[in-house]
Amino acid sequence: MQKRLPFLIIALLLLLAPQAGASTVLVKDKLGRQIEVTVPVKRAVLISLYEFIPALDLWDRVVGVNRWAFENTLLKRFEQLRTIPPVGTGGDVNIETIMALEPDLVIIWIYKPGIVKFMEKRGLKVIAVYPESLKELYQNVRLCGRLFVKERRSEEIISLMEDIFDLIRSRVSGIPKEERRKVLWLWGRPTTVNGGIGVQHDVIRLIGGINPAQQIKAKHVDVSLEKIVVWNPDTIFIWGSAKYGPQDLIKSPQWAVVKAIKERRVFKAPSWSTWSPRLALMTLWMAKETYPEVFSDICVRCLAGSFYKKVFGIPFDPEEFN
């Protein structure tokens with residue numbers, strides 16, 4: 001027995017020692033919490049940022065995913081998704097399912113901070129995210145690169161997004177200030193607008209538009225229809241998951257005096273997550289709809305084909321813009 005003791009001690013030390021190649025990173029999340037994470041993360045639950053799974057090739061690292069991922073136009077094209085169990089949504093998390101998966105890390109959005117605290121009490125390591133600008137979206141891309149040790153790939157994705165953004169910037173830079181168009185983004189209700197913060201606000205600025213609601217420092221804010229009439233936007237975009245569409249506004253007598261309605265310049269965005277590399281394609285589409293004369297020679301779907309292959313490794317499906 002005495003001869004075996006050293007071998008048992010060695011075995012125990014090996015078991016407790018950090019995995020080869022593993023290290024730790026300190027992450028400050030959107031709730032201001034400092035979280036120490038051992039990387040690379042090998043068992044993750046993604047309740048948010050799940051479109052990064054194919055972009056960073058994380059199929060072998062993700063053990064649970066938001067239920068809405070199975071309705072996602074991009075993710076449901078991958079057979080691998082069927083092998084990952086759903087764990088509820090950001091506002092209705094199935095804690096027991098997550099606990100049974102024994103994840104190293106859960107990434108969730110900050111819709112209900114109380115859920116984050118509850119998961120922590122159950123011993124789960126949780127990072128809360130909520131990108132409110134294009135800069136923060138890039139930070140989240142790089143965060144995933146650090147967590148899964150995919151830094152080079154995360155920089156490639158940002159570079160591919162910037163290629164499209166640079167194309168847009170180069171085209172709209174020559175538009176005189178007095179000719180810039182007022183662009184309004186509507187959310188789940190026609191009178192819920194995007195104010196002067198958020199990814200959508202950054203996109204409006206990037207495409208050379210003027211957000212008439214920019215003085216309101218909120219991402220979602222209810223305003224009166226009279227306010228929208230006074231703003232008189234040239235172009236209106238509707239959130240892709242809204243239960244109404246352009247025709248609902250065009251047929252409404254109350255909206256008839258708005259310039260965007262009169263000129264039939266109301267568009268419903270595809271139901272894509274804007275917390276995704278696909279934001280670049282949505283931005284290009286919005287730029288072309290806002291300034292068709294500036295982007296008349298740009299084939300959005302052609303560029304989408306190249307982008308999809310480079311970022312997600314699959315062809316672009318034109319139906320995704322419908």
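Quantities reported herein were computed from a predicted structural model and do not represent experimental measurements. (Residues numbered from 1 in each chain as written. Predicted model: local features only at pLDDT ≥ 70, side-chain atom pairs only at ≥ 80, totals over all residues. Heavy atoms only, no water.)

1. Focus: the packing of aromatic side chains
- The full count for this structure, using the stated rule, is eleven aromatic pairs.
- With centroids separated by 6.0 Å and ring planes inclined at 70°, the aromatic side chains of Trp109 and Trp275 adopt a geometry described as edge-to-face. With Trp109 in strand β7 (residues 105-109) and Trp275 in the loop between β13 (266-268) and α11 (279-290), this pair connects stretches of sequence that are 166 residues apart.
- Judged by relative accessible area, which is 11%, Trp275 ranks as buried.
- Taking 5.1 Å as the distance between ring centres and 80° as the angle between the ring planes, the aromatic pair formed by Tyr130 and Trp275 counts as edge-to-face. You can see Tyr130 sitting in the loop between β8 (126-129) and α5 (134-147) and its partner Trp275 sitting in the loop between β13 and α11, a full 145 residues away along the chain.
- Within the aromatic cluster, the residues linked to one another by ring pairs are Trp109, Tyr130 and Trp275.
- It is Arg67 that lies over the ring of Trp68; its NZ or CZ is 4.7 Å from the centre. (Phe/Tyr/Trp six-rings, centres within 6.5 Å; stacked < 30°, edge-to-face > 60°. Helix = DSSP H or I, 4+ residues; strand = E, 2+ residues; numbered from the N terminus. Buried < 20%, exposed > 50% of the residue type's maximum accessible area, 1.4 Å probe, protein only. Lys NZ or Arg CZ within 6 Å of the ring centre and 35° of its normal.)

2. Brief notes about the state of the cysteines
- The final tally for this structure, using the stated rule, is one disulfide.
- Put simply, Cys299 and Cys302 are joined by a disulfide, and their sulfur atoms are 2.3 Å apart. Looking down the S-S bond of the Cys299 and Cys302 bridge, the torsion is 70°, so its handedness is right-handed.
- Assessed through its relative accessible area of 34%, Cys299 is described here as partly exposed. (Disulfide = S-S within 2.5 Å.)

3. Side note on unusual backbone geometry
- Residue Pro40 is reached from Val39 by a cis peptide bond, and omega for that bond is 0°.
- By the secondary structure assignment, Pro40 is in the loop between β2 (34-39) and β3 (44-46).
- Phi is positive for Asp57, which is not a glycine, with a value near 55°.
- By the element assignment, Asp57 lies in the loop between α2 (52-56) and β4 (62-65).

4. Some words on the sheet that holds β7
- Spatially, β4-β3-β7-β8 is the arrangement adopted by the four strands of the open sheet, whose pairing is parallel. This sheet does not close on itself; its edge strands, each paired only once, are β4 and β8. Strand-to-strand twist across the sheet, computed as the mean angle between neighbouring axes with direction ignored, equals 20°.
- The pairing of β3 with β7 spans three bridges and is parallel. (Pairing = 2+ DSSP bridges. Axes fitted to C-alpha atoms, helices over the stretch in contact; angles between N-to-C directions.)

5. Thoughts on the confidence of the model for the chain
- For the chain, per-residue confidence averages 92 on the pLDDT scale, and 93% of positions sit at 70 or higher.
- Below pLDDT 50 for its whole length, residues 1-5 participates in zero contacts with residues either more than four positions away or in separate chains.
- For the stretch residues 7-19, pLDDT sits under 50, and the model shows one contact to residues farther than four places along the chain or on other chains. (pLDDT = per-residue confidence, 0-100. Contact = heavy atoms within 4.5 Å.)

6. Quick notes on the pairing of strand β9 (residues 183-186)
- Going residue by residue along β9, you find Val183 and Trp185 tucked away on one face and Leu184 and Leu186 tucked away on the opposite face as well.
- In this sheet, strand β12 (residues 235-238) lies alongside β9 in parallel orientation, the contact comprising four bridges. Within β12, the position partnered with Leu184 by the bridge is Ile236.

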